[in-house]
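# Residue-level structure breakdown
Letter by letter, the chains look like this.
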Amino acid sequence: MDSQHDAAGTGAGADTAGFDTLRHAARSIYGADAAGYQDGRPDYPSRVYEVLRSRCAVGPGSKVLEIGPGPGMVTRHLLAAGAQVVAVEPDPGFAQYLAHTLPGVQVVTAPFEQADLEGGFDAVVAATSFHWLDQPAALSKLGRVLRPGGWAAIWWSLFSDPHRDDPLLAAATAALGFEPGNQRGGTGFQLDTEARCDDLRRGAGLVDIEYELIPSDIAMSADQVRALFHSMITIRRLPAGQRTHVLNTLTDLVNNAYGGMTTRPHLTALYFGRKAHGSTTGHED
């Protein structure tokens, strides 16, 4: 799901009511065009999947819970690794798409905080989705559904690395008068490494917490840039005429200034940790 967070209603002074409205919209707006969302989102860096295999023991026969799988990009990797996947997806459009395209996955159509789950999972993963959840309730539940010794991994991809120049985004911002898509100024939640590690430690009761910030450069055609930005909630919620203008501006820039292809900087923030053996709760004592 979308990576913009500073509307997430968890920080000091956050507009909780405004975020609740945005979260409600997000649980239907994406899945209305599940295939388009799938086409628009680039895959995560290979390092993410390496950590899932080597550190989080995702492999043949492992029981994995995926929170907010969307159209199933990560789900396909989990299945390819041999995992048994339970996917908790609140968006009915995405849930229907998953059930149709990945019939081997058990799909639970509900918000994670409200989903009826048995627990005992070897791993819990959430890809660019955890910011949409009620953080205290979701972190506590994450800890509870893991088996002792199980691992959790949550991560976000930022579709423009805030620490590196992004010439296309700069040119689009100059042309439009505002920064389109998921603004880089709204990435504080994902990149607050101390707070996110503390969430897993105190909120979910995990140990051996680690994080990695993984830069990547993604070559994209004009059509791929258009599809990516069209998958973002800040663009989807614009009036139709303004939305088309933004997307046309991006497409024209790639075609006219970059010869139809551009390489854009992305950044993935990955956090993972383990439930201690003998632990029965999701909280530290």
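Our subject in this report is the structure included herewith. Predicted, not measured: the structure shown is a model, and the values here were computed from it.

### Topic: the overall build of the protein
A count of helices and strands for the protein gives twelve helices and seven strands. Contacts spanning at least 24 positions in sequence make up 77% of the contacts within the protein whose residues lie at least 6 apart. A total accessible area of about 11700 Å² is found for the protein, and carbon and sulfur atoms account for 50% of it.

### With respect to the pairing of strand E7 (residues 261-275)
As a general feature of sheets, a regular strand has side chains that alternate between the two faces. Here E7 lies mainly inside the structure; 13 of its 15 residues are buried. With eight bridges connecting them, strand E5 (residues 146-158) and E7 associate as antiparallel partners. Residue pairing across strands places tryptophan 155 opposite leucine 270, the latter belonging to E7.

### A word on the environment of alanine 269
The residue alanine 269 is located in strand E7 in this model. Measuring from C-alpha to C-alpha, the distance between alanine 269 and tryptophan 155 comes to 5.4 Å, with 114 residues separating the pair along the chain. The contact partners of alanine 269, leaving out residues within four places of it in the chain, are Ile154, Trp155, Trp156, Gln190, Leu191, Glu212 and Leu213.

### Quick notes on the packing of helix H7 (residues 167-176) against helix H12 (residues 240-257)
Closest axis-to-axis distance for the H7/H12 pair is 10 Å, and the angle between their directions is 130 degrees. On the basis of the axis angle, H7 is oblique to H12. Handedness of the crossing formed by H7 with H12: right-handed. Residue-level inspection shows Leu168, Ala171, Ala172, Ala175 and Leu176 of H7 in contact with H12, the latter providing His245, Val246, Thr249, Leu250, Leu253 and Val254.

### Some remarks on the pattern of salt bridges
One pass over the structure, following the stated rule, counts eleven salt bridges. Where aspartate 217 meets arginine 164, a salt bridge forms, and the shortest distance between an N and an O atom there is 2.8 Å. Taken together, the residues aspartate 217 in strand E6 (residues 206-221) and arginine 164 in the loop between E5 and H7 connect sequence positions 53 residues apart. Since its relative accessible area comes to 52%, aspartate 217 is described here as exposed. According to the relative accessible area criterion, arginine 164 is partly exposed, its value standing at 26%. Salt bridges sharing partners connect three or more residues here, namely Arg47, Glu50 and Glu212.

### A look at the packing of aromatic side chains
Considering all chains together, one arrives at six aromatic pairs under this definition. Taking 6.4 Å as the distance between ring centres and 45 degrees as the angle between the ring planes, the aromatic pair formed by tryptophan 151 and phenylalanine 272 counts as tilted. On the criterion of sequence distance, the pair formed by tryptophan 151 in strand E5 and phenylalanine 272 in strand E7 is long-range, its members being 121 residues apart. Here tryptophan 151 and phenylalanine 272 have matching classes, each one buried.

### Quick notes on unusual backbone geometry
One non-glycine residue, threonine 128, adopts positive backbone phi at about 50 degrees. Its location among the elements puts threonine 128 in the loop between strand E4 (121-127) and helix H6 (135-145). On the basis of relative accessible area, threonine 128 is assigned to the buried category, the value being 1%. Unlike most non-glycine residues, aspartate 208 shows phi in positive territory, near 55 degrees. Relative to the elements of secondary structure, aspartate 208 occurs in strand E6. Residue aspartate 208 is classed as partly exposed on the basis of its relative accessible area of 42%.

### Focus: the nonpolar core
Within the largest apolar cluster, 30 residues are counted, with the highest numbers of intra-cluster contacts made by Leu65, Leu117, Phe130 and Leu142. Elements that contribute at least two residues to this core include exactly strand E1 (63-67), strand E2 (84-88), E4, H6, E5, helix H9 (193-203), E6 and E7. Setting aside its immediate chain neighbours within four residues, leucine 65 contacts Val86, Val88, Phe112, Leu117, Phe121, Ala123, Val124, Val125 and Val145. Judged by nonpolar contacts, the second largest core, of 26 residues, contains Val48, Val51, Val125 and Ala153.

Cut-offs applied
Residues numbered from 1 in each chain as written. Predicted model: local features only at pLDDT ≥ 70, side-chain atom pairs only at ≥ 80, totals over all residues. Heavy atoms only, no water. Helix = DSSP H or I, 4+ residues; strand = E, 2+ residues; numbered from the N terminus. Contact = heavy atoms within 4.5 Å. Areas by Shrake-Rupley, 256 points an atom, 1.4 Å probe, with all protein chains shown as cover. Buried < 20%, exposed > 50% of the residue type's maximum accessible area, 1.4 Å probe, protein only. Pairing = 2+ DSSP bridges. Axes fitted to C-alpha atoms, helices over the stretch in contact; angles between N-to-C directions. Parallel < 35°, antiparallel > 145°, perpendicular 65-115°, else oblique. Left-handed = near helix turned anticlockwise from the far one by under 90°. Salt bridge = Lys/Arg side-chain N within 4 Å of Asp/Glu carboxyl O. Phe/Tyr/Trp six-rings, centres within 6.5 Å; stacked < 30°, edge-to-face > 60°. Core = buried A, V, L, I, M, F, W, Y, C linked by side-chain atoms within 4.5 Å.

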